[in-house]
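These are the residues of each chain, in order.
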Amino acid sequence: MTAPYLEITDLTKRFGPVLAVDGVSLTLDRGSVLALLGPSGCGKTTTLRLLAGFEEADRGRIRVDGEDVTNRTPVDRRFGMVFQNYALFPHLDVAGNVAFGLESKREHPRAEIARRVGQALAAVELSGFERRRVGELSGGQQQRVALARALAPEPRVLLLDEPLSNLDPVLRERTRIELGQLVRRIGITTVLVTHEQEDAFDLGDRVAVLRGGRLEQLGTPEALYDRPATPFVAGFVGRASELSGTVVSTDGNGTAIVRVEDVEWRLDSRPGLVAGSEVVVSVRPEALGLAPGSSAGAACLSGKVVNRRFRGSWTLLTIRTTGGATVEVECGRAGATPGDSVGLLPNSSRGLHVFPKQRPAEDPS
Ligand code: ATP
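Read on for an overview of the structure.

## Side note on helix 5 (residues 139-151)
- The terminal C-alpha atoms of helix 5, which comprises 13 residues, lie 18 Å apart, in line with the 18 Å expected from a rise of 1.5 Å per residue.
- Along helix 5, eleven of the 13 residues are buried, which leaves the element largely enclosed by surrounding structure.
- Those residues of helix 5 that sit buried are Gly140, Gln141, Gln143, Arg144, Val145, Ala146, Leu147, Ala148, Arg149, Ala150 and Leu151.

Listed below in structure tokens is the structure:
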């Protein structure tokens, strides 16, 4: 087994009372792409800045290719960073911007700088743009200049802070695809920050979901979607509604009978759940189907449609169950309309995840 290329161990950073990054450990293989995903304030940017060396860690280590860089300056780490606002110099042309990092290090002769600038601009498909002013470029082209500037010194790791957030939705979609192709073509180990699931899924080989500074789950997009570790991940990565339930029995082979309101479902369970455990059943919209009129039975949860949203190839229904819970269900065009009474049946156990119910923290007062 090859050793990981980038290794982060117990990375921790506090700003006064705020624990911005709380004991994050993860590894990355050479050439792979990691997306740091999470809601505002979860510590994504601070993690990236700790990697870049712009913030000093209170605790923890960062290793690249077996070398400990925790106490190295940003320049000595040889990481390339693209900032959210690109931070281009408006008074310099494209070539001047891309050459900036190389010239300021005074390490390379002119011809070598010119060669690297040409190579970096070719990589981002901006050959011929050398003498253009950055103010004359589109948002997507400016981003590619910022990428070329980060790539020109041939960094060991590329760090991208919200690389798509400055782009309108159409350009964002196209740039996301191009960016994914580019980092894979170059084969550079990349860590990027985003709060958008689509960015993380399209760009990341693996995704680290952060919450309150902690690493909630690390996995491939498929693993996060199919096997979320917590209700938070289930709700943040894809849509999910929550139903309260009680375990009736478990078979010791990974399945449990769970009572939800007045119905019983056989669901994939997880270790530690025993008969009588209170649970949260997280429900993906595709996990429940509308029951045909004649199929009322032990497994059919009843409710009333309260909202219907047409989405083209599918329709999202919001259903208020008889027990007062709200659940979102995907259905075809015919489906049902607001006011209809409906029954809900599991399509399979896929998309239904059982979690132990978290008790509210005790009030210390
Ligand atoms: P966003 O998506 O909004 O950029 P984020 O996930 O990147 O959020 P961070 O910017 O890393 O989150 O911030 C994590 C926490 O640390 C937040 O509570 C933030 O207010 C706090 N924080 C970040 N930088 C500083 C700072 N320089 N001084 C004080 N608190 C800070």
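## A word on helix 1 (residues 44-52)
- Where burial is concerned, most of helix 1 is hidden: seven out of the nine residues are buried.
- Listed as buried for helix 1 are Lys44, Thr46, Thr47, Leu48, Leu50, Leu51 and Ala52.
- Two residues or fewer past helix 1, Gly53 is found with a positive phi of approximately 95°.

## Comments concerning the environment of Gly343
- Tracing the backbone shows Gly343 in strand 19 (residues 341-346).
- For Gly343, a relative accessible area of 12% corresponds to the buried category.
- Each C-alpha atom, one on Gly343 and one on Gly297, is 9.3 Å from the other, the two residues being 46 residues apart in sequence.
- Beyond its immediate chain neighbours, meaning those up to four positions away, Gly343 contacts Gly289, Leu290, Ala291, Cys300, Leu301 and Ser302.

## Observations concerning the pairing of strand 14 (residues 278-283)
- Taking burial as the measure, the six residues of strand 14 include five buried ones, the bulk of the element.
- In terms of strand pairing, strand 11 (residues 241-250) meets strand 14 through six bridges, oriented antiparallel. Residue Ser241 lies in a different strand from strand 14, and its bridge partner there is Val283.

## Some details on unusual backbone geometry
- The residue Tyr86 is not glycine, and still its phi comes out positive at about 70°.
- As for its position among the elements, Tyr86 is in the loop between strand 6 (79-82) and helix 3 (94-105).
- If you check the backbone angles, Ala87 has positive phi at about 50° while not being a glycine.
- Take Ala87: it is sitting in the loop between strand 6 and helix 3.
- Looking at Ala87, the relative accessible area reads 33%, which means it is partly exposed.

## Observations concerning the environment of Arg172
- With respect to the helices and strands, Arg172 occurs in helix 6 (residues 169-186).
- You can call Arg172 buried: its relative accessible area is 12%.
- Taking the C-alpha atoms as reference points, Arg172 and Val354, separated by 182 residues in sequence, lie 35 Å from one another.
- Sequence-distant contacts of Arg172, that is, excluding residues within four places in its chain, are made with Leu164, Ser165, Leu167, Glu196 and Asp199.
- Within the local environment of Arg172, its side chain forms a polar contact with the side chain of Asp199, the two groups lying 2.6 Å apart.

Cut-offs and rules
Residues take numbers from 1 onward in each chain, read along the sequence in its written order. Since the coordinates come from a predicted model, pLDDT governs what is reported: local features require at least 70, and pairs of side-chain atoms require 80 or more to be given and counted, while whole-chain, interface and lining totals use all residues. The basis for every side-chain value is the complete set of heavy atoms in the structure, and neither hydrogens nor water enter the calculation. Put simply, DSSP H or I for four residues or longer makes a helix, DSSP E for two residues or longer makes a strand, and each gets a number counted from the N terminus. By definition here, a helix of n residues has an expected span of 1.5 Å times n minus one. A 1.4 Å probe rolled over the protein chains alone gives each residue an accessible area, and that area as a share of the maximum for its type sets the label: buried under 20%, exposed over 50%, partly exposed in between. Any two residues whose heavy atoms approach within 4.5 Å are treated as being in contact. A strand pair is defined by DSSP finding two or more bridges across the two strands. Polar contacts, as counted here, are pairs of nitrogen or oxygen atoms within 3.5 Å of one another; within protein the pair requires one atom able to donate a hydrogen and one able to accept it, and residues that are adjacent in sequence qualify only if both atoms are side-chain atoms.

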